[in-house]
Amino acid sequence: MEVNERLFPGGKDGRLFGRDAESDRFDELLASARSGTSGVIMIRGGPGLGKSMVLEHAVGRAKDMRILRALGVESEMELAYAALHQLCAPLLPFLPKLPAPQSEALATVFGIQTGPPPDRFLVGLSALSLLSQAADDQPLFCVVDDAQWLDISSAQVLGFVARRLLAEPIAITFAARQPPVGLLGLPELELAGLRDDDARVLLNWVTRTRLDADIRDQIVAETRGNPLALLELPRGLTTTELAGGFGLLQAGALPDRIEESFKRRIDGLSEGTRTLLLIAAAEPVGDPAIMWRAAERLGIQLSTALDNDTEDLLAIHERVTFRHPLVRSAVYGAANSSDRRTVHRALAAVTDKDLDPDRRAWHLASAAAGPDESVAAELERSAERAQARGGLPAAAAFLQRAVTLTTDAARRADRAVAAARASLHAADLETAGRFAEIASREAQDESQEARALLIQGHIAFASGLSDKAIPLLFEAARRLEPLDMALARETYLVAWGSAAVLAADQENVEKISRAVVALPPLTADPRPLDLVLDGCARLVTDGRAAAIPLLKEAAGAIAELPARDVLTWGWQASGVFAAIWDDALQRAVHSREVDVVRAAGALTELPIHLVSKAVTVIWTGDFAAAEVIVAEGDLAASAIGTQLAPSAGLILAALRGRETEAAPLIQAITEQAGAAHQLMGVTYANWAAAILYNGLAKYDDAVRAARVCADIGDLWISVWALPEMVEAATRAGDEETARAALTRLEDAIEPCGTDWALGVLARSRALLADEDRSTELFAEAVNCLSRTRLRPELARAHLLHGEWLRGNGRREDARESLRKAYDMFDAIGMEAFAERARRELLAAGEKVGRRASRSTANDELTPQERQIAVMVRAGLSNPEVGARLFLSPRTVEWHLRKVFAKLSITSRQQLRDALQGFDWVPTDGAA
């Protein structure tokens, strides 16, 4: 039987021996890619099952495609984007064709240029664009072997890319013993052992002698058809020795036995040969020149080090490769620690400190027999370079190793804080906590103690442990006051936000606020966050009348934040604008924040900013545009693996009056937020419920929901719920509750002085005033709200005025206000409020029927198709749309063809007339 170059008997019809189904699966994958439909396969299986062989077979079937390769190497797992660089290196000539933010992101992580560390999801989007660009020239087949050893950054990016492929001539195949976290959930092809008949054929070929059938069947059973075991374990054994079998191997023990077989062969080699193999095992790049230079440095005679006994263990061509990863681990595991250190020291000496300083530092660390300050300092510098490339997991690994090599307590404490911070940013909370404890234990002065407390507080906050985070952050801020007032203020702000926004922890809010008010007065040129902090503290200690001027000043400063500060402190905007009721500034700032985040490529931050922007658009009554933004936010959150509460979707459903949509969201947010002790979420859900039930005229339910908000008593959303309580309680005949809510509302928003605040306040006062005063207040409400873009609020003012007029016997005047309300609600899509207005019109003597639902061709579009159509109509190119929606330009074009077919149009220019009901125009800032 014919034998191929990897020692497997040949299969039939070009298929891989013993792997007919797998061969067919790959033929389908490659055929789909050639036709323009992307595909991904994760080959999963234990050592020796032939994953690499299946990959090589697939490569052989893809000779008409451009092959891109990457190999996970265990010793390279700490080097950021190492595997991604391997895969994309042949495509670097395509970089200039990408949008500037994307080409700059890849150039930065690959070390081609310096720049700010890019967001890892921008790197993913950039890699997707690069592959798509290259696939325009020739279909691509990306092959990633030993994926279980990919560095974390590469695994995350490649997983992102694999999940976003759709309409490109690209096939991607991974092979792994167990997929890393970043690659979980991809379509899998699980390899098992060979069928018994195939295993017998292979065993007969390996042994070259005729085995007794019982012995052969025993070996096949013990190896469970593992091809490498069948090839390797019989090696060197006589027929008599084979008769004893391999000792009834357990499934988990099989890789160990195969590795032991390799070790026995290695033990029989000369010392020089073993050392050469150890150099190859310790050098992850596989560069023959580096291996030879290290060998010469150790005095190895190259003419005798390689002999026939190493041919099927090690191959030296343009790269140094082992026959199987188990050979590499067997070589490294068989060496003693002294020999390993000697080899790593030699490799460090021959690795260029200018071209590859990080790998040199890692070799030096592996060569260290104990603490070594010079090596620790090298690792620290490597961490800085990794952070500059956006490789946070790599930076964390360098710093963690630096801590272990440091004996000086003060330096050890500083490095432990840095390691904890890098681990936190890399989302490794357990490791972050361990190094934070080291920092606390080793701290030598107040500054180090305060910074250890600070990082412990941030770790607790990230872990969702607000009750633990708040006192840690408060104590850290208190200790930082005499050391670093700017950092102390930043820490107080995070502590205040944790207590007020998440936990609604009144006791801690008051304690933090008193501490902030007691701080030295602000300088003549305060930072926006200083103004925010003082304003928030004054809300608690001195009341809203004293705090609003500070918060208005803070809002103006936030609106003019430099782009770099938007990414750090822009999240404070929501709380400030909620307090001062400035809708115009709120819309402008949230729109700008989305643009800044996109332009900076900070895609991790994008979903939360899109939610904030969507809510401001919802308040204008442009529900169609808001839907597009909500869908984009959901897509962004899904793409980066973030789960956001559906807050924008909830308020949209509530204003529409769709109880079947809103009720499950209310319950989900309430349960999720309650379980996490994040009472702000509970308040938000009940505020939305109060709006919903007011629209449905279920006033008792609305009062109950608004009362939940009032009882929690947070500083923002509970205030938004007060107008709902006034309206619902008035309609339910509970004047006492309505007047109490009105008093709180007056105290909260009258100092704001904005048209929004004064309009809502006048509308609420009108419900409880005498007839003459009510007439004046309703007119004031309409006038104020007419000067805003808050159409739902204005429509509700007309509705309440019309209801009041009808209740006072002024039916003709009532019909005019109610007709305005009904037309506005109907145009906006506030279905429950429209029905409430319709019933009032009927009661006022006007004939009005229910309007039939107005379906259009737009309704046939999926949310993603609608997003794409709206953006293209606004003039965005396919690459710009793809950057926003985490899609390749080719996939955007694929969706656009479907949009054209559904709308019966043939060009982008026709979208303006074909799309109905969309007023929103996307702003600039595509990544």
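Please refer to the structure higher up on the page.
Since the structure is predicted, the reported quantities are computational estimates derived from the model, not experimental observations. (Residues numbered from 1 in each chain as written. Predicted model: local features only at pLDDT ≥ 70, side-chain atom pairs only at ≥ 80, totals over all residues. Heavy atoms only, no water.)

Draft legend 1. Molecular detail of empty space enclosed by the protein. Under the counting rule described, the total for this entry stands at 6 cavities of 30 Å³ or more. In this structure, the largest cavity encloses a volume near 180 Å³. Counting residues per element, the ones that place at least two in the lining of the largest cavity are α33 (647-656), α35 (679-695), α37 (717-731), α39 (755-766) and α41 (791-807). Here the lining of the largest cavity is built from residues that sort into 10 nonpolar, no polar and 4 charged. (1 Å grid on protein atoms, 1.4 Å probe; cavity = no way out; pocket = protein on both sides within 12 Å on 5 of 7 lines; lining within 4 Å. Points joined across faces, edges and corners; volume = space filled by probe spheres on them. Helix = DSSP H or I, 4+ residues; strand = E, 2+ residues; numbered from the N terminus. Nonpolar A, V, L, I, M, F, W, Y, C, P; charged D, E, K, R; others polar.)

Draft legend 2. Representation of the nonpolar core. Counting 231 residues, the largest nonpolar core has Phe174 and Trp687 as the members making the most contacts within it. Other than its neighbours up to four places away in sequence, Trp687 contacts Trp619, Ile651, Cys709, Ile717, Trp720, Ala721 and Glu724. If you look at the next biggest cluster of nonpolar residues, it comprises 32 residues, including Leu269, Ile279, Ala335 and Ala346. (Core = buried A, V, L, I, M, F, W, Y, C linked by side-chain atoms within 4.5 Å. Buried < 20%, exposed > 50% of the residue type's maximum accessible area, 1.4 Å probe, protein only. Contact = heavy atoms within 4.5 Å.)

Draft legend 3. The arrangement of the packing of aromatic side chains in detail. Counted under the stated rule, the structure contains 12 aromatic pairs. Aromatic side chains Trp619 and Trp720 sit 5.2 Å apart centroid to centroid with 85° between the ring planes, which places their arrangement in the edge-to-face category. Within this pair, whereas Trp619 is found in helix α31 (residues 606-619), its partner Trp720 is found in helix α37, the two being separated by 101 residues in sequence. For the pair shown, Trp619 and Trp720 are each scored as buried. The rings of Trp581, Trp619, Tyr684, Trp687, Trp720 and Trp756 are connected pair by pair, giving a single aromatic cluster. (Phe/Tyr/Trp six-rings, centres within 6.5 Å; stacked < 30°, edge-to-face > 60°.)

Draft legend 4. Structural view of the sheet that holds strand β3 (residues 140-145). Ordered in space as β2-β3-β4-β1-β5, the 5 strands form an open sheet in which the pairing is parallel. The sheet is open, and its two edges are formed by β2 (66-71) and β5 (188-190), each paired on a single side. Taken pair by pair, the neighbouring strands of this sheet meet at an average axis angle of 15°, ignoring direction. In the packing of helix α5 (residues 120-135) onto the sheet, contacts are made with β2, β3 and β4 (170-176), and the angle to β3 comes to roughly 135°. The sheet contacts of helix α6 (residues 152-164) involve β1 (39-44), β3 and β4, and relative to β4 the element is tilted by about 135°. (Pairing = 2+ DSSP bridges. Axes fitted to C-alpha atoms, helices over the stretch in contact; angles between N-to-C directions.)

Draft legend 5. Quick look at the pairing of β4. Burial within β4 is extensive, with 7 of its 7 residues counted as buried. Residues Ile170, Ile172, Phe174 and Ala176 line one face of β4 and the alternating positions Ala171, Thr173 and Ala175 line the opposite face, and both faces are buried. Inspection of the sheet shows β3 paired to β4 by 5 bridges, in the parallel sense. Each residue of the ladder has a partner; that of Val144, found in β4, is Phe174. Crossover handedness for the path β3 to α6 to β4: right-handed. (Right-handed = clockwise from strand over helix to strand, strands pointing away.)

Draft legend 6. Geometry of the environment of Ala280. If you trace the backbone, Ala280 turns up in helix α12 (residues 271-282). Taking the C-alpha atoms as reference points, Ala280 and Val331, 51 residues apart in sequence, are found 9.1 Å from one another. With residues near it in sequence (within four places) discarded, Ala280 still touches Met291, Leu314, Val320, Phe322 and Arg328.

Draft legend 7. Region of interest: unusual backbone geometry. Positive phi values are uncommon outside glycine, yet Trp581 reaches one of about 55°. When you line up the elements, Trp581 lands in the loop between α29 (573-580) and α30 (583-600). The backbone phi angle of Ala697 is positive, close to 60°, even though this residue is not glycine. Positionally, Ala697 belongs in the loop between α35 and α36 (699-712). A relative accessible area of 28% means that Ala697 is categorised as partly exposed.

Draft legend 8. Layout of the pattern of salt bridges. Considering all chains together, one arrives at 49 salt bridges under this definition. A salt bridge links Arg360 to Glu378, with the shortest nitrogen-to-oxygen separation between them at 3.7 Å. Of the two residues, Arg360 sits in helix α17 (residues 357-367) while Glu378 sits in helix α18 (residues 373-388), which places them 18 residues apart along the sequence. A salt bridge links Lys820 to Glu816; the shortest N-O distance between them is 3.9 Å. In this pair, Lys820 and Glu816 both sit in helix α42 (residues 811-828), 4 residues apart, roughly one turn of the helix. For Lys820, a relative accessible area of 40% translates into the label partly exposed. Among the charged side chains, a network of salt bridges with common partners joins Glu724, Glu727, Arg731, Arg796, Glu803 and Arg836. (Salt bridge = Lys/Arg side-chain N within 4 Å of Asp/Glu carboxyl O.)

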